[in-house]
Amino acid sequence: MSATLKVAGIDLVCAGEAVGDHEAVVTDASSGVYRKLTVRDGRIIGAVLLGDTRGSEALVAAVRAGDLVDDPLKALSDASLAGPADLPDSAQICDCNGVCKGVLMAAVTDGGCATPREVMAVTRAGTGCGSCRPAVIEIVAAAAGGLSDEPAYLCPCRKQTREQLAARIREDGLQSVSEVAAACATGRECGVCKPALAYLVSEVCANLHQEERDARFINDRVHANIQRDGTFSVVPRMYGGVTTPDELRRIADVADRYEVPLVKVTGGQRLDLLGVRKQDLPDIWRELGMPSGHAYAKAVRTVKTCVGTDFCRFGLGDAIGLGIEMEKLWEGLHTPHKVKSGVSGCPRNCAEATVKDIGCVAVEGGWQVRAGGAAGGNVREADIIATVQTRAEALRVATTFLQYYRENAEYKERTYDFIPRIGLETVREIVLGEQTGAALRERLRIAKAAVRDPWLERDDPYHPRQFSDLDEPEEGAGEPALVGPPAGAEL
Amino acid sequence: MNYACLVDDVPLGEGRAITLAGRQIAIFRSSTAWYALDAICPHLGGPLADGIVCDRAVICPLHERRFDLATGEALSVGEGVAAHAVEVRGDRVYVALAEPQRRAA
């Protein structure tokens, strides 16, 4: 019924019908603003807001409710002054989880929540695509009578920030999540921050920490991505999206032998085997004989490439070559959130490198190195960190940015939120600075030296039951104990 | 009391699923105690045994609903799950199943 788009910095909200018996339009062509309200039989039936989406929540709610309107022009201008706090309680704020304004208000007034973070944790609003978070924050502020300056706590229960905990880990030489828990009492009460602590300990200790799997999300305990029915997906590493007939044969054989329900080409140029039982994972990895693609982890995932100069008649740079180099240098490094990359061999940009977390684009005379792109819930064009002359320089700048992100982003903060928070100029200064850059690369080198392919745990599990539940024999190969949605559950 | 598993069968700080008397149960070994809940999240069927376990709660791996390990009560939103008593005798773990929970129509 309504859609919100954010393409190339243009805001657009459309709801309901575009044509009625009465249309009120406000335009300002020089500012790229167009706002229209569509009315039929005296009721609001549609809205288009381009370039200026103020009041979109109220107008979309009015379209949904079919509100009566006397003066549509006045309704348009009133809406531009109204915020989410002026909406009726029945207005849906979070479209992913179906949370209305009234539920958010009640979480504060009746539920005892004091901060947007608590309200989001309790109601789940803002935890899907995240695009409604500004509205949630505004509503909580209205309900709570203002907001205190709440820092981004890594552990909200103990009110500890990432910086505080990192300093403690360094000063006291803490090596594991349980040592941090003993020292700071983090990760024990609600458990939500355990994966963030696990990442922080590993990053501060340059992967020389003591790994404790119970602090990791299930994906990082079994190195596969949990699916809605409790099965897992398996994505083997294919550097730069390049494969061989031999690898394809092995993948096909595994898919046949284990009756894999779905084989799918992913958006990151990989092959995904979906619907795999947990206890089959070690055998499948063994038979594939390929390293983990880390498609399940907050880690460097894929470097998508175009064919570059090898075959393409337009190619200016060796996209496959640089992409494979990037992927091998970064493989196995965990990151605050997933990192998707791309390398395009010319500005036609077939690898979509300008909407990746880290992307390189070959241009005449060199390479553009970009970061902070997105093509998910939001679309954001990546910022140019630098334009350099050689492939080696491009690899160096991209790698330096990766380490800067690994060390300074909040857990679950994507590059496209990280760069605007830090500021592009600061990012450039540190990443391109001779000494700061060299120090970042040295720390990445140390962290990378301790990386091991997690799929080798097929022969060296951390526990005899790493991959099995209690109905199955320890070595796997038992009857499947899959779970699915309960009968009658609403999807 | 149903015999479930050996203490060493469940890694510290994790859960594992098991079928006991025809019911799917998740057994948890938190850093402080043993717990057992119905294995399946009432939201959309997530496997609670694969969730993140802390001292007193488990988080469903699919959509992060949280449940009290001792009571099965939902700590975020929605319905709770049945909780079962656990007893550890030596190296063996036993579970006393609670009455199946009636689901509201």
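What you are looking at is a predicted structure, and each value in this text was computed from that prediction instead of being measured.

Rules behind the numbers
Residues numbered from 1 in each chain as written. Chains lettered and ligands numbered in written order. Predicted model: local features only at pLDDT ≥ 70, side-chain atom pairs only at ≥ 80, totals over all residues. Heavy atoms only, no water. Helix = DSSP H or I, 4+ residues; strand = E, 2+ residues; numbered from the N terminus. Buried < 20%, exposed > 50% of the residue type's maximum accessible area, 1.4 Å probe, protein only. Contact = heavy atoms within 4.5 Å. Lys, Arg positive; Asp, Glu negative; His and termini not counted. Charge placed at Lys NZ, Arg CZ, Asp CG, Glu CD. Rg over C-alpha atoms; globule rule 2.2 N^0.38 Å. Areas by Shrake-Rupley, 256 points an atom, 1.4 Å probe, with all protein chains shown as cover. Pairing = 2+ DSSP bridges. Axes fitted to C-alpha atoms, helices over the stretch in contact; angles between N-to-C directions. Buried area = accessible area lost by both parts, 1.4 Å probe. Salt bridge = Lys/Arg side-chain N within 4 Å of Asp/Glu carboxyl O. Polar contact = N/O pair within 3.5 Å; in protein donor to acceptor, adjacent residues only side chain to side chain. Core = buried A, V, L, I, M, F, W, Y, C linked by side-chain atoms within 4.5 Å. Phe/Tyr/Trp six-rings, centres within 6.5 Å; stacked < 30°, edge-to-face > 60°.

Chemist: Looking at this structure, I do not really get the overall build of chain A. What am I missing?
Modeler: The helix and strand tally for chain A stands at 17 helices and 20 strands. With respect to the principal axes defined by its C-alpha atoms, chain A has extents near 70 × 55 × 50 Å. Counting every position in chain A, which comprises 491 residues, the buried fraction comes to 49%. Long-range contacts, defined here as pairs at least 24 residues apart, represent 58% of the contacts in chain A between residues at least 6 apart. If you average the places of the 57 positive and of the 70 negative side-chain charges in chain A, the two averages end up 3 Å apart.

Chemist: When you look at the overall build of chain B in this model, what are you seeing that I'm missing?
Modeler: Counting its regular elements, chain B contains 0 helices and 9 strands. Secondary structure elements of chain B occur, N-terminal to C-terminal, as β-β-β-β-β-β-β-β-β. Over its C-alpha trace chain B gives a radius of gyration of 13 Å, about what one expects of a compact globule, namely 13 Å for 105 residues. With the C-alpha coordinates of chain B rotated into their principal frame, the extents come out at 40 × 25 × 15 Å. Long-range pairs, those at least 24 residues apart, make up 38% of the contacts in chain B between residues at least 6 apart in sequence. Total accessible area computed for chain B in this model is approximately 4400 Å², and 48% of it derives from carbon and sulfur atoms. Positive and negative side-chain charges in chain B, numbering 10 and 13 respectively, have mean positions lying 4 Å apart.

Chemist: Mind showing me how you'd approach the sheet that holds strand β8 (residues 83–89) of chain B here?
Modeler: Strands belonging to one sheet form pairs held by backbone hydrogen bonds; the direction of such a pair is parallel or antiparallel. All names here are of chain B. Spatial strand order, β1-β9-β8-β4-β3-β2: 6 strands in an open sheet with antiparallel pairing. Each edge of the open sheet carries a strand with a single partner, namely β1 (2–6) and β2 (15–20). Neighbour to neighbour, the strand axes of the sheet diverge by 30 degrees on average, direction disregarded. Here 6 bridges tie β2 to strand β3 (residues 23–29), and the two strands are oriented antiparallel to one another. From the neighbouring strand, Ile18 faces β3, where its bridge partner is Ile25.

Chemist: Explanation requested: the sheet that holds strand β12 (residues 262–265) of chain A in the structure shown.
Modeler: All names here are of chain A. On the basis of which strands lie adjacent, the open sheet formed by 4 strands has the order β10-β11-β13-β12 and antiparallel pairing. On the outer flanks of this sheet lie β10 (225–226) and β12, each paired with one strand and no other. Pairing between strand β11 (residues 232–234) and strand β13 (residues 271–276): 3 bridges, direction antiparallel. Each residue of the ladder has a partner; that of Val234, found in β13, is Leu273. Together, β12 and β13 form the strand contacts of helix α10 (residues 245–257), whose direction differs from that of β13 by roughly 15 degrees. Helix α11 (residues 281–288) rests against β11 and β13 of the sheet, and its axis sits at about 10 degrees to β11.

Chemist: Looking at this structure, I do not really get the interface of chain B and chain A. What am I missing?
Modeler: Counting from both sides, the interface comprises 40 residues of chain B and, opposite them, 44 residues of chain A. Summing both partners gives a buried area of about 3000 Å² for chain B against chain A, and 52% of it is carried by carbon and sulfur. Put simply, chain B and chain A have 6 salt bridges between them. When the shortest N-O distance is used, the salt bridge between Asp55(B) and Arg188(A) registers 2.8 Å. Counting the contacts that link chain B with chain A gives 13 residue pairs in polar contact (both at pLDDT 80 or more).

Chemist: Looking at this structure, I do not really get the nonpolar core. What am I missing?
Modeler: In this structure, Leu322(A), Met326(A), Val343(A), Cys360(A), Trp367(A), Phe401(A) and Leu402(A) are the most contacted members of the largest nonpolar core, which totals 37 residues. The greatest single-element share of this core, amounting to 8 residues, is contributed by helix α14 (residues 391–408) of chain A.

Chemist: Quick question: what am I supposed to make of the packing of aromatic side chains here?
Modeler: Aromatic ring pairs are described here by two measures, namely the spacing of the ring centres and the angle between the planes. Residue and element names in this part refer to chain A. The full count for this structure, using the stated rule, is 8 aromatic pairs over all chains. When the centroid spacing of 5.5 Å and the interplanar angle of 80 degrees are considered together, the rings of Trp285 and Phe467 count as edge-to-face. With a gap of 182 residues between them, Trp285 in helix α11 and Phe467 in the segment after α17 (434–449) connect regions that are remote in the sequence. Here the two residues Trp285 and Phe467 agree in accessibility, since each one is buried. Chaining the aromatic ring pairs together yields one cluster made of Phe401, Tyr404, Tyr405 and Phe418.

Chemist: I tried to follow the environment of Val303(A) on my own but got confused; where do I start?
Modeler: All names here are of chain A. Examined against the element boundaries, Val303 turns out to sit in strand β14 (residues 300–305). Counting along the chain gives 38 residues from Val303 to Ser341, while the straight-line C-alpha distance between them is 4.5 Å. When residues no more than four places from it in sequence are discounted, the contact partners of Val303 are Gly240, Gly241, Arg270, Gly323, Met326, Glu327, Ser341, Gly342 and Val343.

Chemist: In this structure, what is going on with unusual backbone geometry? I would like to understand it.
Modeler: As a rule of thumb, non-glycine residues mostly have phi less than zero, and peptide bonds are mostly trans rather than cis. Residues and elements named next belong to chain A. Not every positive phi belongs to a glycine, and Ala185 is a case in point at roughly 65 degrees. Along the polypeptide, Ala185 turns up in the loop between α7 (177–184) and α8 (194–204). The class for Ala185 is partly exposed, based on a relative accessible area of 32%. With phi around 50 degrees, Glu259 is a residue other than glycine that occupies positive phi space. Of note, Glu259 is situated in the loop between α10 and β12.

Chemist: Explanation requested: the pattern of salt bridges in the structure shown.
Modeler: Pairing between side chains of opposite charge can happen when the charged atoms of each approach one another. All names here are of chain A. Enumeration over the complete set of coordinates arrives at 45 salt bridges over all chains. Residue Arg54 is joined to Asp52 by a salt bridge in which the shortest nitrogen-to-oxygen separation is 3.0 Å. A residue is classified by how much of its surface remains accessible, and Arg54, at 46% relative accessible area, is partly exposed. Taking relative accessible area as the criterion, Asp52 reaches 14% and is therefore assigned buried. The residue Glu287 makes a salt bridge to Arg257 at a minimum N-O spacing of 2.1 Å. Taken together, the residues Glu287 in helix α11 and Arg257 in helix α10 connect sequence positions 30 residues apart. Each member of the salt-bridge network shares a partner with another, and the members are Glu211, Arg213, Arg216 and Glu457.

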